[in-house]
Amino acid sequence: MKRDFLPRQAVDRWRPRQPGGRRHGGRRHGGRQCATIVLVAALCVLMSWLYPVAAQAQRPGEVVLHATKTAYQRTDLLMGLFDVLSGGGDAVATADMLQEVIFQDLGYSGFFRVGLSESEADTDSLVYEFTIEGTVEGPLRDAAATGEQAPMTISLKLLSYPERQLILTKRYRPSAEQERVTAHHFANQVIEMLAGSPGICLTRICFSRGSGDRRDLYVIDYDGENLLRVTANRTLNLCPSWSPDGKQVAFTSYRRGQQALFSLDTRTGKVRQVIAVEGLNLGADWHPDGDELVLALSHSGNPEIYRISPQGELLHRLTVSPAIEISPCWDPAGRDVVFTSDRTGTPQLYIMDSDGAGRRRLTFEGRYNDSAMWSPNGENIVYAWRQGDLTQLVLIAVTGENRRVLTDRSWRNSEDPSWALDGRHVVFASDRTGVFKLYVMDVVDGDWWQLTAGGDPDITPDWSP
Amino acid sequence: MLNARGQSTGRFLALATLCVLALALLVFGGCSKKQAPPPETDSTAFEDADSVFDEMGTIEGEGEPEPEPEATPLPDYASLEPAEFGIEDIFFAFDEYDLSSEAMTTLSQNARILRDDASGVTVLIEGHADERGTIEYNLALGEKRALAVKDYLVSLGISSHRLRVTSYGESRPFATGSYESAWAQNRRAHFARP
């Protein structure tokens, strides 16, 4: 039985919420899952209803991205007509949704400036190079009258502009639940074809929500849709890490009183204990091959970095020092590990190879550098730098050069960054509104959007593959 | 008339005296009965104290303890929060896990209480951090604080089997607020029941 909480890799593997059907979401979740999840889903639906995030509130025609003043190296694209050939009101709603989601996805990607009309080109000085058009063909008989759920036939095209040469065409017959996914799928195709970058429109973010020592893991689509709670155990659940195949999320939890590392199966929702030694079992990161993890354990009497198997067997100890050694992260090639050590008296970032040898210091500026995450192309590291009374995000090349602060003081504290697989977007937690919520930033041109809303703090996000 | 009245008065007085006497006898008799076995009362108190020891387990040799009726029975440590039997929390500076001299003084007192506790109760040392800094580093900082406290207590002769450690980082603040007086309270090693 499939759940909503599945890795987004193929269209037939997940079922997103129907656009505008938020009120039906709870029933749909509940029908397939256990009683706990019914409650959880209902809560999530209520949450997303009460606190519509920026992504949900936006419509084509509104300004989608914050700070899009400098359209740095963006390609201009026209969202053309989406014709409804048949199917009445349902088909019109589907066409509107498709246009809205594709519009937003392309804007979020960072590669495009998207306009909605030819006249907009003049007012916003856009020079269109491409256009997207679509048709939606609904069932001829009224679906509501017959009680049937006949799928729409959706045809989407990418054309050059103004020549209108066909570049890409896709035809879909999704179930009602998969219509939004169809839009994400097509947007990914366009991004991959025109920008040569992996599209992130079907990715999700796992994070920890709650306050004090009661925090649960949640999953949310990259655009702020489909919030789903995935743990419910009245304790601390922190630091999720997606396996490279998206089938598991390793996380640190106190669900048995003491801290331990667990793994959540994203297909079944089942949780198994990976390792539970005395003390810390913290901050795991999957090896890119998926056959082992690196994490911090303190059963030796000191927080040290170890490699373990997914079954919890100790494979190798990488650090030996009386200092704190935590927050390891693999490089995308799986050869080196970046981590935090306070061996000099302040937490700083270091890089070592997978045996713990060849250690070199990466950061020299500041007295508090932590939470390093290696970019998917292997060239950069994003981390949290604390100076004075604020924690800010910094991007640095693995050579230690080109250090650049990503967040200014308006962000207050920004922590726990995690890369999207496009190597361009970073999700992180910031308390700019007074409470920690999640934000996504495009590190190339600084555009950002708010991913989560609500009153509870959201922390330690991890972006899915 | 007067005589007759005098007679009846005299009879009444005699009767009243008898009654009072009888009552007094009853009362004093009862009292003397209650007071009769004072040693028994003592032995009951002693038995209670003894059972307290039994419950807590080990009493090291030294024969029978002297019964001391006025001595208060020892607290049952196993059922108390460590703070209730005098074990105090240890505080730290920002981003530090070294023990200050005050911390060592407090830990010496804590060690004495733990040594005197014949029951050998186990305590959980929880390490905490203030809200500043990252979640993960604060968890490590809390762990290091708890471990520093444990190591020092072990060096003072407390068995490491009686000491467990865990860290909650910044997740269980004792004081809320984003100012130094709150932060200072939250940078601590707290003693709790496991």
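Residues numbered from 1 in each chain as written. Chains lettered and ligands numbered in written order. Predicted model: local features only at pLDDT ≥ 70, side-chain atom pairs only at ≥ 80, totals over all residues. Heavy atoms only, no water.

## Let's talk about the environment of alanine 284 of chain A
All names here are of chain A. How we decide: Going along the chain from the N terminus, every DSSP run of H or I of four or more residues is numbered as a helix, and every run of E of two or more is numbered as a strand. Any two residues whose heavy atoms approach within 4.5 Å at even a single point are treated as in contact.
Residue placement: alanine 284 occurs in strand 13 (residues 281-286). In this structure the C-alpha to C-alpha distance between alanine 284 and alanine 250, which are 34 residues apart in sequence, comes to 6.8 Å. Among residues more than four places away in sequence, those in contact with alanine 284 are Ser241, Ala250, Leu261, Leu293, Val294 and Leu295.

## Brief notes about the interface of chain A and chain B
Quick reminder of the rule: Note: buried area is the sum, over both parts, of the accessible area (probe 1.4 Å) each one loses when the two are combined. Think of a salt bridge as a Lys or Arg side-chain nitrogen and an Asp or Glu carboxyl oxygen that are within 4 Å of each other. Definition of a polar contact: a pair of N or O atoms within 3.5 Å, with one able to donate and the other able to accept a hydrogen when the atoms are protein atoms, and with sequence-neighbouring residues admitted only if both atoms are side-chain atoms. Classification used: nonpolar for Ala, Val, Leu, Ile, Met, Phe, Trp, Tyr, Cys and Pro, charged for Asp, Glu, Lys and Arg, polar for all others including Gly.
Listed per partner, the contact involves 38 residues of chain A and 24 residues of chain B. Summed over both partners, the interface of chain A with chain B comes to about 2500 Å²; 56% of that surface belongs to carbon and sulfur atoms. The largest contributions to the chain A side of the interface with chain B come from Gln258, Ile324 and Tyr368 of chain A, which together make up 21% of the buried area. Taken together, the connections running from chain A to chain B amount to one salt bridge. Arginine 172 of chain B is paired through a salt bridge with aspartate 213 of chain A; the nearest N and O atoms lie 2.3 Å apart. Where chain A packs against chain B, one counts twelve residue pairs in polar contact (both at pLDDT 80 or more). Breaking the side of chain A that touches chain B down by element, the ones donating at least two residues are strand 9 (237-242), strand 11 (258-265), strand 13, strand 17 (325-330), strand 21 (369-374), strand 22 (380-387), strand 25 (414-419) and strand 29 (458-463) of chain A. The residue makeup of the side of chain A that touches chain B, split by class, is 15 nonpolar, 15 polar and eight charged.

## Some points on the nonpolar core
In summary, soluble globular proteins display a tendency toward joint burial of nonpolar side chains. Residue and element names in this part refer to chain A. Rules: Among the buried residues, those of types Ala, Val, Leu, Ile, Met, Phe, Trp, Tyr and Cys that are joined through side-chain atoms within 4.5 Å form a nonpolar core. Buried means the residue's accessible area, taken with a 1.4 Å probe over protein chains only, is under 20% of the maximum for its type, while exposed means over 50%, and partly exposed covers the values in between.
One finds Leu77, Ile102, Leu106, Ile132, Phe186, Val190 and Ile205 to be the most contacted residues of the largest nonpolar core, which totals 64 residues. Residues in contact with isoleucine 102, not counting those within four places in the same chain, are Met79, Phe82, Ile132, Leu156, Ala183 and Phe186. The next biggest cluster of nonpolar side chains, apart from the first, holds 26 residues, and it includes Val382, Ile396, Val398 and Tyr439.

## Regarding the side chain of glutamate 126 of chain B
All names here are of chain B. Mapped onto the fold, glutamate 126 is located in strand 2 (residues 123-128). On the basis of relative accessibility, which here comes to 7%, the residue glutamate 126 falls in the buried class. Of the polar contacts made by the side chain of glutamate 126, one reaches the side chain of histidine 128; its length is 2.9 Å. Leaving out residues up to four positions away in the same chain, glutamate 126 has contacts with Ala146, Thr166, Tyr168, Arg172, Arg188, Ala189, His190 and Ala192.

## Here we look at the environment of glutamate 278 of chain A
Relative to the helices and strands, glutamate 278 of chain A resides in the loop between strand 12 (271-275) and strand 13. Since its relative accessible area comes to 36%, glutamate 278 of chain A is described here as partly exposed. In this structure, the C-alpha to C-alpha distance between glutamate 278 of chain A and glutamine 258 of chain A, residues 20 residues apart in sequence, is 7.8 Å. Contacts of glutamate 278 of chain A, omitting those with residues within four sequence positions, involve Gln258, Ser298 and His299 of chain A together with Arg164 and Val165 of chain B.

## Overview of the environment of proline 198 of chain A
Residues and elements named next belong to chain A. With respect to the secondary-structure elements, proline 198 resides in the loop between helix 7 (179-195) and strand 6 (204-211). A C-alpha to C-alpha distance of 5.5 Å links proline 198 and aspartate 422, two positions 224 residues apart in sequence. Discounting residues that sit within four places of it in the chain, proline 198 has contacts with Glu192, Leu421 and Asp422.

## With respect to unusual backbone geometry
Residue and element names in this part refer to chain A. The omega angle of the peptide bond from tyrosine 161 to proline 162 is 0°, so this bond is cis rather than trans. Looking at where proline 162 falls in the secondary structure, it is placed in the loop between strand 4 (153-160) and strand 5 (166-172). One non-glycine residue, arginine 164, lies in positive phi territory at about 65°. Its place among the elements puts arginine 164 in the loop between strand 4 and strand 5. Residue classification places arginine 164 among the partly exposed residues on the basis of a relative accessible area of 45%. Unusually for a residue other than glycine, cysteine 239 sits at a positive phi of about 50°. Topologically, cysteine 239 is positioned in strand 9. For cysteine 239, a relative accessible area of 7% gives the class buried.

## Focus on helix 4 (residues 135-155) of chain B
An α-helical segment advances 3.6 residues per turn. Residues three or four places apart therefore align on the same side. Residues and elements named next belong to chain B. Note the following rule: One fewer than the residue count of a helix, multiplied by 1.5 Å, yields its expected span.
The first and last C-alpha atoms of helix 4 sit 30 Å apart over 21 residues, in line with the 30 Å expected at 1.5 Å per residue. Counting buried residues in helix 4 gives 17 out of 21 residues, a clear majority hidden from the surface. Downstream of helix 4 by one or two residues, glycine 157 has phi in the positive range, about 100°.

## With respect to the pattern of salt bridges
All names here are of chain B. If you walk through the whole model with that rule in mind, you get 24 salt bridges over all chains. Residue arginine 162 pairs with aspartate 117 through a salt bridge whose shortest N-O separation is 3.1 Å. With arginine 162 in the loop between helix 4 and strand 3 (163-169) and aspartate 117 in the loop between helix 3 (101-116) and strand 2, this pair connects stretches of sequence that are 45 residues apart. As far as the burial class goes, arginine 162 and aspartate 117 line up, both buried. For aspartate 130, the salt bridge is made with arginine 187, and the minimal N-O distance between the two is 2.9 Å. With aspartate 130 in the loop between strand 2 and helix 4 and arginine 187 in the loop between helix 5 (180-186) and strand 4 (188-192), this residue pair connects regions lying 57 residues apart in the sequence. Of the two residues examined, aspartate 130 and arginine 187, each falls in the buried class.

## A short note on empty space enclosed by the protein
Cut-off, in case you're wondering: For cavity detection a 1 Å grid was placed over the protein atoms alone, and a set of points counts as a cavity when a 1.4 Å probe fits there but cannot get out; an open set counts as a pocket when protein lies on both sides within 12 Å along at least five of seven lines, with lining residues being those that have an atom within 4 Å of a point. Grid points are joined across faces, edges and corners, and a volume is the space filled by probe spheres set on the points.
One pass over the full model with this rule turns up four cavities of 30 Å³ or more. Within this model, the largest cavity holds a volume of roughly 250 Å³. As for the largest cavity, its lining consists of 19 residues, of which Pro240, Met373, Pro417 and Asp462 of chain A together with Glu136 of chain B are closest to the centre. Mapped onto the lining of the largest cavity, the elements with two or more residues apiece are strand 9, strand 13, strand 17, strand 21, strand 25 and strand 29 of chain A. In the lining of the largest cavity, the residues fall into nine nonpolar, six polar and four charged.

By themselves these figures say nothing about function.
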